[in-house]
Structure formats: C-alpha cells, structure tokens
Amino acid sequence: MLKKETKKAIALLMVAMALLASQSVFATDYSSTNFTVKDPVIDEGTSSTSSANFGLGQSIGQLGIGKSTSTNFQLWSGFQYFFKVNANVLTATPGAGQASLSWTAPTTFLGITVGSYEVGTGTISGSYVFENVGSVTTFIKSGLTAGTTYYFIIKALSPGGNFLVFSNEATAVPTAAGGGGGGGGGYGNQLTFNGIAYPNSLVTLVQDGTIAATTTAATSGYFSMGLNGLSNGTYNFSLYAADSTGNLSPNLNTSRTISSGVAVVVNDLIIAPTIHLSYSTIKQGESLTISGYTAPSVPVTINISGQANVNVTSDANGYYSYLLDTTALIKAVYQVFSHALVGSINSPNSFTLSFEVGDTSVPTPSPECKRSDLNCDGWVNLIDFSILLYFWDDTNPFNPRADIDKSGKVGLRDFSIMLYDWTG
Amino acid sequence: MLSVICYLLSATTAQAITLYSGAANQNVFVDHTFLVEWYLDTQDQEVNTLSLKLNFSNENLEVIEATPGNSGLNLWIKTPTFSNEKGTIELIGGVTGGVNTKKLPIFRAVFKPIAEGEAKIVMDETSTLLLSDGVGTEEKLTFNQLKFEIHPADLAPIEIISPTHPNPDHWYKQNKVLIEFLPKPNTEYSYGFSSNLEVFPDDVQDAVEDVIYEDLPDGIYYFKLNSKTVGPVPWEEAAVFRVQIDTTPPQEFQPYLAADPSIFAGKPFISFNTRDNISGVDHYEVKFGGWGRWEKTADSVLQVPGFILGQTISIKVVDAAGNEQISTINLNELPNQGFFQKYILWVIIIMACILAVFGYLLYRFLRKKYAI
C-alpha cells in the first residue's frame, strides 16, 4: 500500500500532466513583409479515423517546417505543408491497330515526385482499364480494333503508388493493319491538333469548309483532336471555340500537306479569346464591362483604340473582365479587342468590337443572327453561301442580309466577310 | 537542243502577295500541250478571296483546259473558265477561314501552242485579292508576266508513248506506268521519272528498253529523256512526257437541304461542295429519288423538284480520273414537309391497289352482265 503522502504526490503529478496535455504548444510567430503566421503549430491530433474505404490521419503538432531524413525514416514537418501536382498533357496518335501515346511529366511542387504511370484505355469516354507502364512518357497501345474510337488517359502515381493526377483524355481511331505493297492514294494518314482554348469550351475543327470534328477542352483549356483516313493532299483547316455564353472565337487557320504514311501533329495552337461588351452605346461617365474567355489564369491585354492597353488576368474558368470608366473618353466610336499570353505564346487577337460613347446607354443586343449567317440558323455554312450566290452581283438584294458589308451590292467583299465568319 | 525561255516570277522586293507558276524548264513546241500550275504566296498574310483574270497571247497559244485541280480554294463563285477568243482565263474563289502559306494551289491550265513565236501570259489589272480580316481589305497582288518561246513542230523531240497512259492531258486511275520510245541509231539515252519538274536525268547512260514504274502514289509525273550521240558530247533534253495518276476518290461530303424565304420562292434547295486533292473535281451528277437517273449538273445549288418518287436525293462527285464519291440526303430531313410529299410512295401504292381492286370488280361486273 502506498503512503498517504505518496498518493497525494501521484495525484498532483497526474493533474499537472493532464493540464499540460490539454494545452496546445505554441511556437514563435513568423512573418515577412507580406504575411504573418500566428502560432504556427496545429493542435495535436488525438487519433486516426478509418473505414474499409478510407483513412484519415489527423495532423500532429510540429515545431518547424523542413525535411529530416536518415537511413531509416523521412520526416516532413511544418505548418500547412501540402504538395501540388499539375495535370500533364497526353496526345494519342493512331496507327495500324495501335495508338502511340505520348505525355508530358506533371509539374510537381513541395517535394512530391511521380514514380510511375498507368495508362487507361477504354471505348467509352470516362471509362478505362488501367495498366501500369512504369516511369516512361511514351507508350504504344497495340492490339486495338481498327475503326473503333479509343479513349486514353494517364494516371500519375507517387513512388508509393498513390494517385496523384489525371491527364486530359485523348482519343484515337486505329487504322487497319497495312497489307504491304502499296503507294496508292495514301489513305489512312493521321493529323492531330493540340492546343489551348478555354476551360470546358467546345472546340470545332473545320476541314475545307466542313465541320470535321468537335471536342470539349479540359478544365486546363487543353484540347486534342485528330482526323484519320486523310488522303494525300493539301487541306485547309480552321479551329474555333465557343465559350460558355455561346460567343465564338475568330477562326485559327492552318494549311497542311499530307503525305503517305506520315502522321502530322500540330502543337501549340492557341485559340483567340472571345470578347463581349455590355453596351453598344454607353453614356459618357458610365462604366462599360469588357469581358470574355481565354485560357485559365493567364495575362490578358485589352486594346481600346486611342487608349493605353489594359492588363487583366483570367480566372480559373478562363473568364476575364474589365470595367471601363468612360468619364475620360470623348464622345466617339471606339474599337476594342483582346489577346492573351498563354505560356510564352501570344494568342491571336479576339474579334474587334465597337462601342460608342454618347449621351445614352444602350445594352448590347442579343443578336438575332450573326453577320454572314444569312438564314439565321446559327451557322455560316454552305446554305448561306448558296443564298449569297443566289443574289450575287445584285444591287439592293431582296434579302438585304446578303449585302453583308451594306455597300448596296452583293460582291467580292461580302464573299470575303462570309469566308472569314465561316463556321462550317 | 532548243531551250526554253520561261521567265518565272521571283520574289519581289516588297512583301506583296504573289501569284506564281510552276512552269519552269519546259520545252514548248507547236501542237504539243503543256501544263502550267498556279500558286499564291501570301507573304505571311491571311487571305481568303481571289478574283483572278489572266490574259494570254491567243494568236499563238490556246487553252485546252483550265480546272481547279488540287486547288486550295474550296469555294468558288466562278470556277476557272477560259476564252480562246478573248485570250482570257478567269476565276473567283475563296478559302473558308482564310489561309497563310507560301504555296497555295490556285488552278491548273493546259495550253497548246498553235504557232511559233513568243507567247505571253499576264495578269489583268482587274484581278483582286482580299485579306481575311473580317472586312475584306483589298491587298496588292503581283505577277510577273510569263513568256514562252514556242518552237516549230518539226523541231519536236523524240516521240514518247505510254500504252498505259497515252494522253498526257488525261488523268488515269492506273498507277502502273509503261513508257516506250523509239531510239535513234548511234544515240545514248538517260532518263528519269519524277513528280518534280525540276528533277533532271543524270549523266549515266540507261538501257534502251520499255520502262515500267509500279505502285506510284497519286500525282503528276514527268518522264524526262536526255540523249547524246556516242562519244564525249554533252547530254541534251530529248523529250518530256507527262503522266497523271489519281486513284483516290474526292473527299466525302454532306449535301445541305434547306429552304429560305428569300430564294427559290421559299422552296427547298440542296447545296453541295467538296474537293478532290489530286486531279480535281470534274463534275457533279444528281439523282432525284430512288428510281431517278444520274444527270450532270453545272450548279452546286439546286432547287428540289416538287415531286420526287422516293425520298432521297443523291449527289455524285466525279474527279478528272473518274473516281467517284456519292452522298445521299433524305428529304425527310427537311422541316415542314407536306404530308403528300412525305408519303408519296405509299400514296401511289395504295392508289394502285385501289385501282386494281376496282378494275377487278368492274371486270367481274361486266363479265356477269354480258356473260363474257
């Protein structure tokens, strides 16, 4: 049996320990000119929670940040220490019964590294069977059925095998295996376009005036789309994107010559921003919103005729906007367009819009139909061209929309404007 | 051997957009046709519309054919047309979206010299080029005149024939080429076969025999024959023979079926357009209904007839080599189509059945009445 004094001493000791245990440990604040972190130690955790499907480890108080290592352990300590991994970019080039996959390594921050990759393959978008291909950035997926659209995605894993990030989804349609011999017309050539539009925007590829493919850009704005079975020859391609409000970008045009057996990949295509004005006429002194979409989190330059350029940054959705105070603007008509800096590449210019500073404000009307869309069906295509041809050379045509430039006669300039506005 | 005088355009000092030809180094003889391909160098500018008029000396030069060929222009207001009477070639075409390239194929023309002397081709000052800038800004277009020295027919070189591709102006699907020529005594020959007009035979004597080239990709080829008498004398061009191969059908296409109140009195029309990358579109044919006949059409916009037996309209595009591509459109796709038009076939079948039954009953009645 313990003596009474000994019991008292133990009781006091336990109370003291309980008091100590219930208090957080505080470290010294640290700060710079831009921030201060107060008490940079998190409360000690009590336990971990887990189920059959997940585990939650609670944070434990730490006294400083940094990495400690020995031959037996590695300790990451510090306050709010989260790693970050940016999505990588996958391209898929179809071949005879196979697809050649190539991807960039994800950019990683705060210590995390990629240990290996898994290639996901499926015939339904968003549904894949994965296979680990090790620490490589190219892979040929063989044994595919010709003519079937395959969807691919890359899963990056940490050295411990934990999931880090998915790439974009890329598609490829394998061709039939060659039977030898040959020459001929060069059927089965592939052409792939890779570039940046706006997050979740619909990107359209027009081949020689006809829509050849569409795809939805990833949240990063990245898109990849391909054409197969092209015969030898020179083709004209246009790409444009529609933002979430339905506004279209100008066409991005390229001409490519296809030769037998050569897979052509066109990279670094940057779609021009869309642009919208809140008012077509603005009362002097009021504010006009200039807005649009481009790649996410990039610098955007807005050019207003006769004014200094305005620099803004797009948000994570690619949206940019600027509130223009018209107090200092004289009453006149102004032109405005924008362009973005995506990585180190300047985008083409957006469409150029006009607004007038005057005595009253008139909101920009929702257009019944766009210029060159002569039948107002939302597209500028062969039907509109047919209507233009019908009224070719006519003075004051029965359908006044055919006189696109309002010159009084349907002629070459109207044709040029329609070709510029072409959507396929 | 006669040499060609052919002044090609070189890049101009100003960055003007340039029309140029691929007619270099061709010997030109009376009655011997030759092909000239025309290209545009847009000088780093985006263009979309070209209205072109060329004037040629029609006293000693004739145009046999002017076609879009593998043109990069994909919409035409006026396809290449020519008048030997006026000595002109004209076209109006455009590129959807616009294009910026150093070599945009525009059209092809086959010329036939009809008299010796100097022939010229110049660009008419009414020719117009518009930028793809959304407002149709006009841009200067340059073209240095093209000159040919036409030599007499009796100075024509050795005759080359091809049993497989006899007419150098025609396009063939056959991609195996047999070339023959009749050698002269005491003469050595060297020859080459290339799709590049600028490639010449080497200086090594080749065996005089029938020449066969197989599995050739589509394109225009030139068999060039050089000759020299035995001994240390230089090689000279003896003859050039052109072979044109196209095994590939025109591009797939989708006709549009539409109606607009402002044209054809609001009645439906079809519109179609496609390209052929090698020999070019030769013509379109149209067939109304399942039992219709194929008929050539010069227009790419056609009003849909009021009555079609069957619910389809088929468009066939044929390239210069005879390769075909067919696309069919269903009239059911046209909105606001009348009940009668939509079910015309069933109406006819039901009416025929009713008539048959009525006829049979009438026959029985008459037979009974008159005891036939």
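Criteria and cut-off values
- Residues numbered from 1 in each chain as written.
- Chains lettered and ligands numbered in written order.
- Predicted model: local features only at pLDDT ≥ 70, side-chain atom pairs only at ≥ 80, totals over all residues.
- Helix = DSSP H or I, 4+ residues; strand = E, 2+ residues; numbered from the N terminus.
- Buried ≥ 20, exposed ≤ 12 C-beta atoms within 10 Å, placed from the backbone.
- Contact = placed C-beta atoms within 7 Å.
- Nonpolar A, V, L, I, M, F, W, Y, C, P; charged D, E, K, R; others polar.
- Pairing = 2+ DSSP bridges.
- Axes fitted to C-alpha atoms, helices over the stretch in contact; angles between N-to-C directions.
- pLDDT = per-residue confidence, 0-100.
- Core = buried A, V, L, I, M, F, W, Y, C linked by C-beta atoms within 7 Å.
- Parallel < 35°, antiparallel > 145°, perpendicular 65-115°, else oblique.

In the nomenclature of an unreviewed UniProt entry, chain A corresponds to Fibronectin type-III domain-containing protein.

Peer 1: Explain the overall build of chain A residue by residue, including any values.
Peer 2: Along its length, chain A carries 3 helices and 33 strands. Here chain A, with 424 residues, has 36% of them falling under the buried criterion. For chain A, long-range pairs separated by at least 24 residues make up 58% of all intrachain contacts whose partners lie at least 6 apart in sequence.

Peer 1: How would you sum up the overall build of chain B? Please name residues and give values.
Peer 2: Tallying secondary structure elements over chain B gives 2 helices and 25 strands in all. Restricting the contact set of chain B to residue pairs at least 6 apart, pairs at least 24 apart contribute 66%.

Peer 1: Give me the interface of chain A and chain B: which residues, what numbers.
Peer 2: In this assembly, 41 residues from chain A lie in contact with 47 residues from chain B. For the side of chain A that touches chain B, the elements supplying multiple residues, two or more each, are strand E21 (233-242), strand E22 (252-258), helix H2 (382-390) and helix H3 (412-421) of chain A. In terms of residue class, the side of chain A that touches chain B is built from 15 nonpolar, 23 polar and 3 charged.

Peer 1: Can you lay out H3 of chain A for me, pointing to particular residues and giving the numbers?
Peer 2: Counting buried positions along H3 of chain A gives 10 out of 10 residues, so the element sits mostly inside the fold. Among all positions of H3 of chain A, only Leu412, Arg413, Asp414, Phe415, Ser416, Ile417, Met418, Leu419, Tyr420 and Asp421 of chain A are buried.

Peer 1: Could you give an account of the sheet that holds strand E25 (residues 324-330) of chain B, naming the residues involved and the relevant values?
Peer 2: Either a parallel or an antiparallel arrangement is found when strands of a sheet pair, and the pairing is made through backbone hydrogen bonds. Residues and elements named next belong to chain B. Pairing is antiparallel in the open sheet, where 4 strands are placed in the order E22-E21-E24-E25. Strands with a single pairing partner mark the edges of an open sheet, and in this sheet they are strand E22 (295-297) and E25. Between one strand and the next, the sheet's axes are offset by a mean angle of 30°, whatever the strand orientation. Two elements, strand E24 (residues 312-319) and E25, share 7 bridges in a ladder whose sense is antiparallel.

Peer 1: I'd like a description of the confidence of the model for chain B, backed by residues and values.
Peer 2: All names here are of chain B. Per-chain confidence: chain B averages 86 in pLDDT, with 91% of residues scoring 70 or above. Here helix H1 (residues 339-342) stands out as the element of chain B with the lowest mean pLDDT, 55, in contrast to strand E3 (residues 47-56), whose mean of 96 is the highest. In this model, residues 1-14 is a region of pLDDT below 50 whose contacts with residues beyond four sequence positions or in other chains number 32 contacts. Across the interface, the model reports ipTM at 0.77; the global pTM reads 0.65.

Peer 1: Please give an account of the environment of Gly161 of chain A that cites residues and values.
Peer 2: All names here are of chain A. Relative to the assigned elements, Gly161 resides in the loop between strand E14 (150-157) and strand E15 (163-166). Given 10 C-beta atoms within 10 Å, Gly161 falls into the exposed group. Separated by 44 residues in the primary sequence, Gly161 and Tyr117 place their C-alpha atoms 9.2 Å from one another.

Peer 1: Can you lay out the pairing of strand E17 (residues 189-196) of chain A for me, pointing to particular residues and giving the numbers?
Peer 2: Residue and element names in this part refer to chain A. Counting buried positions along E17 gives 7 out of 8 residues, so the element sits mostly inside the fold. Sheet topology places E17 next to strand E23 (residues 264-270); 5 bridges connect them, and they run parallel. By the bridge assignment, Phe193 is partnered in E23 with Val266.

Peer 1: Describe the environment of Thr164 of chain B, and please don't skip the residues or the numbers.
Peer 2: Residue and element names in this part refer to chain B. On the secondary structure map, Thr164 appears in the loop between strand E13 (160-161) and strand E14 (177-181). Taking the C-alpha atoms as reference points, Thr164 and Lys176, 12 residues apart in sequence, are found 7.6 Å from one another. Beyond its immediate stretch of four places on either side in the chain, Thr164 contacts Gln174, Lys176, Val177 and Leu178.

Peer 1: Before we move on, can you summarise the pairing of strand E2 (residues 34-41) of chain B with the specific residues and values?
Peer 2: All names here are of chain B. Of all 8 residues making up E2, 6 are buried, and the element is well covered by its neighbours. The pairing of strand E1 (residues 17-21) with E2 spans 4 bridges and is antiparallel. When the bridges of E2 are listed, Leu19 appears paired with Leu40. In this structure, E2 lies alongside strand E7 (residues 104-113), joined through 7 bridges in antiparallel fashion. Considered in E7, the bridge of Phe34 is made with Phe111.

Peer 1: Go over H2 of chain A, please, and point to the residues and values.
Peer 2: Extensive coverage of H2 of chain A is indicated by the burial of 9 of its 9 residues. Considering only its buried residues, H2 of chain A is in contact with H3 of chain A together with strand E5 (75-83), strand E19 (256-258), strand E20 (269-271) and strand E23 (301-303) of chain B.

Peer 1: Go over unusual backbone geometry, please, and point to the residues and values.
Peer 2: Among all residues except glycine, the phi angle is most often negative; among peptide bonds, the trans geometry is most common. Residue and element names in this part refer to chain B. You will see that Phe264, though not glycine, has its phi angle at about 50°, which is positive. Using a count of 18 C-beta atoms within 10 Å as the deciding quantity, one classes Phe264 as partly exposed. Notably, Ala265 is not glycine yet its phi reads approximately 55°, a positive angle.

Peer 1: Break down the sheet that holds strand E9 (residues 98-103) of chain A for me, citing the residues and quoting the values.
Peer 2: Residue and element names in this part refer to chain A. Pairing within the open sheet is antiparallel, and its 3 strands lie in the order E8-E9-E13. What marks the edges here is a single partner per strand, and that holds for strand E8 (90-95) and strand E13 (138-142). On average, each strand axis in the sheet is inclined to that of its neighbour by 20°, with strand direction left out of account. As defined by bridge partners, E9 adjoins E13 across 5 bridges and the pair is classed as antiparallel. Bridged to Leu101 within E13 is Phe139.

Peer 1: Outline the nonpolar core, listing residues and values.
Peer 2: Judged by nonpolar contacts, the single largest core of 142 residues is most densely connected at Leu90, Phe152, Leu239, Ile271, Leu388 and Met418 of chain A. Ranked by residues supplied to this core, first place goes to H2 of chain A with 7 residues. When residues no more than four places from it in sequence are discounted, the contact partners of Phe152 of chain A are Leu90, Ala92, Ala99, Leu101, Val119, Gly120, Thr121, Glu169, Ala170 and Ala172 of chain A. Grouped together as the second largest cluster of nonpolar side chains are 20 residues, Val177, Ile179, Phe241 and Ala320 of chain B included.

Peer 1: Before we move on, can you summarise the confidence of the model for chain A with the specific residues and values?
Peer 2: All names here are of chain A. Residues of chain A with pLDDT of at least 70 account for 76%, and the chain-wide mean is 81. Ranking the elements of chain A by mean pLDDT puts strand E4 (residues 55-56) last with 51 and strand E27 (residues 299-304) first with 97. In the predicted structure, residues 42-48 sits below a pLDDT of 50 and forms 14 contacts with residues beyond four places in sequence or in another chain. Considering only residues more than four positions removed or in separate chains, one finds that residues 177-187, a stretch of pLDDT under 50, has 24 contacts.

Peer 1: Now, about the packing of H2 of chain A against H3 of chain A: what can you tell me, with residues and values included?
Peer 2: Residues and elements named next belong to chain A. As a packed pair, H2 and H3 sit with axes 11 Å apart at the nearest point and diverge in direction by 175°. As far as their axial angle goes, H3 and H2 are roughly antiparallel. Contacts from Asp384, Phe385 and Leu388 of H2 reach H3 at Asp414, Phe415 and Met418. Residue composition of the contact of H2 with H3, grouped by class: 4 nonpolar, no polar and 2 charged.

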